[in-house]
Each structure stands twice: as C-alpha cells, then as structure tokens.
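Take a look at the letters that make up each chain.
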Amino acid sequence: MLLAIDVGNTNIVLGLYDREDASAITPVCDWRMRSEPRMTADEMSLTMRGLLGEYVDRITGIAALSTVPALLRELRVMLGRYWSDVPRVVVEPGVRTGVPLLVDNPREVGADRVINTLAAHHLHATNCVVVDFGTSTNVDAISAKGEFLGGAFAPGIEISLDALASRAAQLRKVELVRPRSVIGKNTVDCLQSGILFGFAGQVDGLVQRIVDELEDTQGGPTTVLATGGLAPLVVTESATITHHVPDLTLLGLRLVYERNFG
C-alpha cells in the first residue's frame, strides 16, 4: 500500500492507497493529527505508526510533503530512520511532478500548491481554480494544460477568528457552524454570520475574478474545486465552488509517486 503524508501548519494528514487500484481517487483509510512545529522525527513516527496500526507492515511506498520547513527536516529523518527500506518521494524543488510553474520564482511555490495542481488537472481537463481552506486560504489558478499560473492568499478562517477574539475585548472564539440567520440576534450569531458568510463572499469574489481572467487569457470553461479541513463549512454557502474534493492533496501525492516510481 502507498502511504501519503501531507504535513501542514495546522494538521498532518495521512492517507493509504491500494497500489493495485490505479484509478482510486479516495484513500482506503485516512487520519488527521495535530501539527506541532517542535515535533521530533521520533514523535512523528510514534504517532503515525500508532494511527496506522495493522497497516504499518503493509506499506510498500511513501509520498510526502511538508509546508513547514522545521517539520520537513524531521520528516526526512523519520523516513530514513523508520522506513529506510521503503521506496519514497518527498516533494520539493527538483522532484519530478510534471507541473509547469509559470510564475516569477518557481522555488517560492509551496509543495501543496504544486500537488493540488497535479491532482486537479488529473480530475478535470479544463482550466481549474483550487480553493484550499487551511491555515491560510489559497486560491490557485491552473490552465487546461495543467500549468500552475499563480493565485491569491487570504488569512484562514481560524486565524481570522483567533485574531478577532484576541483584539476585541467583548468578542470571543465561537464554534464554527452555520448561524440561524445572516442577521445575528446575539454576539455568537453575529460572529458566526460574519465569519461564515463573510468568507464565502470573499472566496466567491476572488474566484470569480480569477475565473474571468482565466477565460479571457486561456479560453474555455473553468472548474472550481475546494479542499482543506475547513472546506465543508464554506462549500455549501459558496456560489462559485462546484466540486468538493477533501483528499485532493493526498491524490496528488499518489500521482507524484507514480510519476517517480511507476
């Protein structure tokens, strides 16, 4: 089985794919653990192996990425120490992904954005916009040829809520759920309305502008996909997102492994 490891700023996501099922889009199993910048390779391995349980000895390949520099180093150490006999690829500059990066400085592009581009193009032969709801909200543009064209960043939902609660004396953190109505009748409802519908409006505004630009410069239709841990919260309120693909990054990691090991 192939183990896909996506190390982000907030969570580490694991996914297992059956290597005999080349058409699989979703993993057989997946897990999510908290990302800690000071986590050591030994701690990372202990937690992952505990989650994998009976699957540990069935892993025959590993594809991984990290958007956290400190954890990228520990990830390499962990793989070399605990899975040294397993073929593996860690996505970073120089690794073959097949994704042309049409930006000013390709080395600045995060591995997750490259991998999401690969997966989106695999799923849809059109221009694509990928909205990744994570620590930050990334909105990326992809051509129908699978080229990464760039995108836009915005503060993530949880970061924005934390900042608001810490800077406003009478406001506090609230549960991220849909309020009873857009017009809040109390502090909690007002916060939930502003966060949920405000972010949906922000995303729709960015996506629509990117779609318009793509159709002007690239031609053809555009598919809009959402991924990331907080995507389910916003997808149902968005007017522009047409597909929700929770495992987009894990799928991209599987595709990268196949490109490098066949």
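Residues numbered from 1 in each chain as written. Predicted model: local features only at pLDDT ≥ 70, side-chain atom pairs only at ≥ 80, totals over all residues. Heavy atoms only, no water.

Asks: Help me understand the pairing of strand β4 (residues 61-66), please; the structure alone is not making it clear to me.
Replies: Where a strand is regular, its side chains alternate between the two sheet faces. Buried residues dominate β4, accounting for six of its six residues. Here β4 shows two buried faces, one formed by G61, A63 and L65 and the other by I62, A64 and S66. Note: β4 against strand β5 (residues 88-90), three bridges, orientation parallel. Looking at the pairing, A63 lines up with V89 of β5. (Buried < 20%, exposed > 50% of the residue type's maximum accessible area, 1.4 Å probe, protein only. Helix = DSSP H or I, 4+ residues; strand = E, 2+ residues; numbered from the N terminus. Pairing = 2+ DSSP bridges.)

Asks: Explain the sheet that holds strand β10 (residues 243-244) to me, please; I cannot follow it from the model alone.
Replies: Read across the sheet, five strands follow the order β8-β7-β6-β9-β10 without closing on themselves; strand pairing throughout is mixed. The two strands at the open ends of the sheet, each matched to only one other strand, are β8 (148-155) and β10. Of the pairings in the sheet, the one linking strand β9 (residues 222-227) to β10 comprises two bridges and is parallel in character. Bridge pairing in β10 links L225 to H243. Taken strand by strand, helix α5 (residues 187-217) contacts β6 (127-133), β7 (136-142), β8 and β9, and its axis lies near 160° from that of β6. (Contact = heavy atoms within 4.5 Å. Axes fitted to C-alpha atoms, helices over the stretch in contact; angles between N-to-C directions.)

Asks: Looking at this structure, I do not really get the packing of aromatic side chains. What am I missing?
Replies: For any pair of aromatic rings, the description rests on two quantities: the centre-to-centre distance and the angle between the ring planes. The full count for this structure, using the stated rule, is two aromatic pairs. Over the ring of W83 we find R49; its NZ or CZ atom is 5.3 Å from the centre of that ring. Over the ring of Y17 we find R254, and its NZ or CZ is 5.6 Å from the ring centre. (Phe/Tyr/Trp six-rings, centres within 6.5 Å; stacked < 30°, edge-to-face > 60°. Lys NZ or Arg CZ within 6 Å of the ring centre and 35° of its normal.)

Asks: Looking at this structure, how should I read the UniProt feature "binding site: substrate" (unreviewed entry) in the protein chain?
Replies: UniProt tags G110, A111, D112, R113 and T187 as "binding site: substrate" (unreviewed entry). Spatially, the listed residues are scattered: they cover 78 residues, and their C-alpha atoms lie as much as 39.0 Å apart. In this structure, D112 sits in helix α3 (residues 111-123). Dropping the residues within four chain positions of it, D112 is found in contact with L65, T67, D132 and N138. On the secondary structure map, R113 appears in helix α3. The class of R113 is buried, set by a relative accessible area of 11%. (UniProt positions renumbered as here; feature names shortened; annotations may be inferred.)

Asks: Mind showing me how you'd approach the environment of A4 here?
Replies: Along the polypeptide, A4 turns up in strand β1 (residues 2-7). The spatial distance from the C-alpha of A4 to the C-alpha of N116 is 13 Å, given a sequence separation of 112 residues. Discounting residues that sit within four places of it in the chain, A4 has contacts with V13, L14, G15, Y17, A63, L250 and L253.

Asks: Is there a simple way to explain the sheet that holds β4 in this structure?
Replies: Think of a sheet as strands paired side by side through backbone hydrogen bonds, with each pair either parallel or antiparallel. Strand order in the open sheet formed by five strands is β3-β2-β1-β4-β5, with mixed pairing between adjacent strands. Every interior strand has two partners, whereas the edge strands, β3 (29-34) and β5, have only one. Here the average twist between neighbouring strands, direction ignored, is 10°. Relative to the sheet, helix α2 (residues 69-82) contacts β1, β4 and β5, its axis offset from that of β4 by approximately 165°.

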